[in-house]
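# Structural description and commentary
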Amino acid sequence: MQKFNEAVSYLKTAYPHIPEVGIVLGSGLGNFSDEVEVEKEISYDQVPHFPVSTVEGHKGKLIFGNLSGKKVVCMAGRFHFYEGYDAEQVVFPIRVMKLLGIKALLLSNAAGGVNPDFKVGDLMIITDHVSFFTSNPLIGKNISEFGTRFPDMSEPYKKELIQKAKTIAKRLGIVLREGVYYGVTGPTFETRAEYKLVHALGGDAVGMSTVQECIAANHIGLPVFAMSVITDIGIREDENKITHEEVLQAAKAAEPHFAAMFREMVKEI
Ligand code: HPA
């Protein structure tokens, strides 16, 4: 707890307002932070005990400010298990944002589609997830200040927020998919056989983030809404090499709709 308290007290001194909503921006979705009327930016390496991003030229920062009439904190850059952090480090910022006072968490990511109906550029509301393949961030001594030893995960993504998103999408004329997100460690993209297996096991999309953050948020009683941008279709049988550049490009192309959704979600939460 001491590490958390030190991080939180540093941030509270640097930014004296209480953010209401926390937002995590996934690969290729970082430009969303332009939507925020920025009041304070703090790079991760300045915050006591924050993990430091390993991705070169991309430090990662917390952006505090106003969006849709609310105080928000945005994570531009998140921590992934494949970077070598343990699962507990991956979720450190989520717990810090909760301690800063956020009442809801919006997560986003780029994901591979394994539902044959999906197309590149689709937005998918995450209705549920499978995280058997990734390390659970709650392994180890339970931090009872945060939550119970055996947290319920029957509603990892809040139904009420999913309903709000559907209503917003209808109003804006945005087509949304919904489905189950399969968490994997990466950093390799999946083999053709793995994409098929993920689909056979009930997944609609597969990705390398989000599930650990969602678990930590549920542990600490923080309502979660999450959306994937489908950036590639893994189960296609034709010549289908997947590159990081293609993922980033597809996420960028989907950004206007993604941004409209998150803007409205913040307004209505
Ligand atoms: N697999 C895993 N993670 C991803 C993918 C994928 O196909 N696309 C974007 N992130």
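Just so it is clear, the structure is predicted and the values come from calculations on it, not from any experiment.

### Digging into unusual backbone geometry
Residues Gly 186 and Pro 187 are joined by a peptide bond in cis, for which omega reads 0°. Topologically, Pro 187 is positioned in the loop between strand S7 (176–183) and helix H5 (192–200). Phi at Ser 68 is positive, roughly 50°, even though this residue is not glycine. Residue placement: Ser 68 occurs in the loop between strand S3 (61–67) and strand S4 (70–76).

### Quick look at the site of the ligand
By nearness alone, every residue bordering the ligand is listed as Ala 110, Ala 111, Gly 112, Phe 189, Glu 190, Tyr 195, Val 206, Gly 207, Met 208, Thr 231, Asp 232 and Val 247. Here Tyr 195 contributes a side-chain N or O atom positioned 2.6 Å from an oxygen atom of the ligand. At a separation of 2.6 Å, an oxygen atom of the ligand approaches a polar side-chain atom of Asp 232. Protein coverage of the free-state accessible area of the ligand, which is 260 Å², stands at 96%. Looking at the shell around the ligand, the elements with two or more residues in it are strand S5 (104–113), strand S8 (205–207) and strand S9 (224–233). Tallied by class, residues from the shell around the ligand come to seven nonpolar, three polar and two charged.

### Quick look at the side chain of His 129
The topology assignment puts His 129 in strand S6 (residues 123–130). A polar atom in the side chain of His 129 sits 2.7 Å from the side chain of Tyr 157. Apart from the residues within four sequence positions on either side, His 129 is in contact with Met 153, Tyr 157, Val 180, Tyr 181, Val 211, Cys 214 and Ile 215.

### As for the packing of helix H4 (residues 159–172) against helix H7 (residues 244–268)
Across the interface, H4 lies against H7 with an axial gap of 10 Å and an inter-helix angle of 125°. Looking at the two axes, H4 sits oblique to H7. In terms of crossing hand, the pair formed by H4 and H7 is right-handed. Where H4 approaches H7, its residues Leu 161, Lys 164, Ala 165, Ile 168, Ala 169, Arg 171 and Leu 172 are matched on the opposing element by Ala 260, Met 261, Glu 264, Met 265 and Glu 268.

### Things to note about a nonpolar patch on the surface
Where nonpolar side chains cluster on the molecular surface, the patch consists of Phe 132, Phe 133, Leu 197 and Leu 201 and spans about 450 Å² of accessible area. Looking at the secondary structure, you find Leu 201 in the loop between H5 and S8.

### Details of the pattern of salt bridges
Working definition: two side chains of opposite charge can pair if their charged atoms are close together. Per the stated rule, a full pass over the model turns up nine salt bridges. Between Asp 122 and Arg 177 there is a salt bridge, with its nearest N and O atoms 2.8 Å apart. A residue pair is termed long-range when its members are at least 10 positions apart, and Asp 122 in the loop between S5 and S6 and Arg 177 in strand S7 qualify at 55 residues. Given the relative accessible area of 13%, Asp 122 is considered buried. Given the relative accessible area of 22%, Arg 177 is considered partly exposed. A salt bridge links Glu 264 to Arg 171, with the shortest nitrogen-to-oxygen separation between them at 2.8 Å. Residue Glu 264 is found in helix H7, and its partner Arg 171 is found in helix H4; the two are separated by 93 residues along the sequence. Taking relative accessible area as the criterion, Glu 264 reaches 13% and is therefore assigned buried. With relative accessibility at 48%, the residue Arg 171 sits in the partly exposed group. Look at the salt bridges and you will find they share partners, linking Arg 171, Glu 264, Lys 267 and Glu 268 into a network.

The rules behind the values
- Residues take numbers from 1 onward in each chain, read along the sequence in its written order.
- Since the coordinates come from a predicted model, pLDDT governs what is reported: local features require at least 70, and pairs of side-chain atoms require 80 or more to be given and counted, while whole-chain, interface and lining totals use all residues.
- The basis for every side-chain value is the complete set of heavy atoms in the structure, and neither hydrogens nor water enter the calculation.
- What counts as a helix is a DSSP run of H or I of at least four residues, what counts as a strand is a run of E of at least two, and both are numbered from the N terminus.
- The cutoff for a nearby residue is simple: one of its non-hydrogen atoms must lie within 4 Å of the molecule or strand.
- A 3.5 Å cut-off defines polar contacts: any pair of N or O atoms within that distance qualifies, except that in protein one atom must be a possible hydrogen donor and the other a possible acceptor, and neighbouring residues in sequence count only when both atoms are side-chain atoms.
- Areas reported here follow the Shrake-Rupley algorithm with a probe of radius 1.4 Å; residue values treat only the protein chains shown as occluding.
- Polar here means any residue other than Ala, Val, Leu, Ile, Met, Phe, Trp, Tyr, Cys and Pro, which are nonpolar, and Asp, Glu, Lys and Arg, which are charged; Gly is therefore polar.
- Working rule for contacts: check all heavy atoms of both residues, and any pair within 4.5 Å makes them a contact.
- Whenever a helix is involved, its axis is fitted only over the stretch in contact; in every case the axis is a line through C-alpha atoms, and angles between N-to-C directions fall within 0 to 180 degrees.
- Oblique is the label for every angle not falling under 35 degrees (roughly parallel), over 145 degrees (roughly antiparallel), or within 65 to 115 degrees (roughly perpendicular).
- For any helix crossing, the convention is left-handed if the near helix is rotated counterclockwise from the far helix by under a right angle, and right-handed if that rotation is clockwise.
- Exposure above 30% relative accessible area and the lack of any salt bridge qualify a residue for a patch; like charges then connect within 9 Å, and the nonpolar side chains Val, Leu, Ile, Met, Phe, Trp and Tyr within 5 Å.
- In the sections that follow, a salt bridge refers to a side-chain nitrogen of Lys or Arg positioned within 4 Å of a carboxyl oxygen of Asp or Glu.
- Accessibility here uses a 1.4 Å probe with only protein chains present; expressed as a share of the type maximum, an area under 20% marks a residue as buried, one over 50% as exposed, and anything in between as partly exposed.

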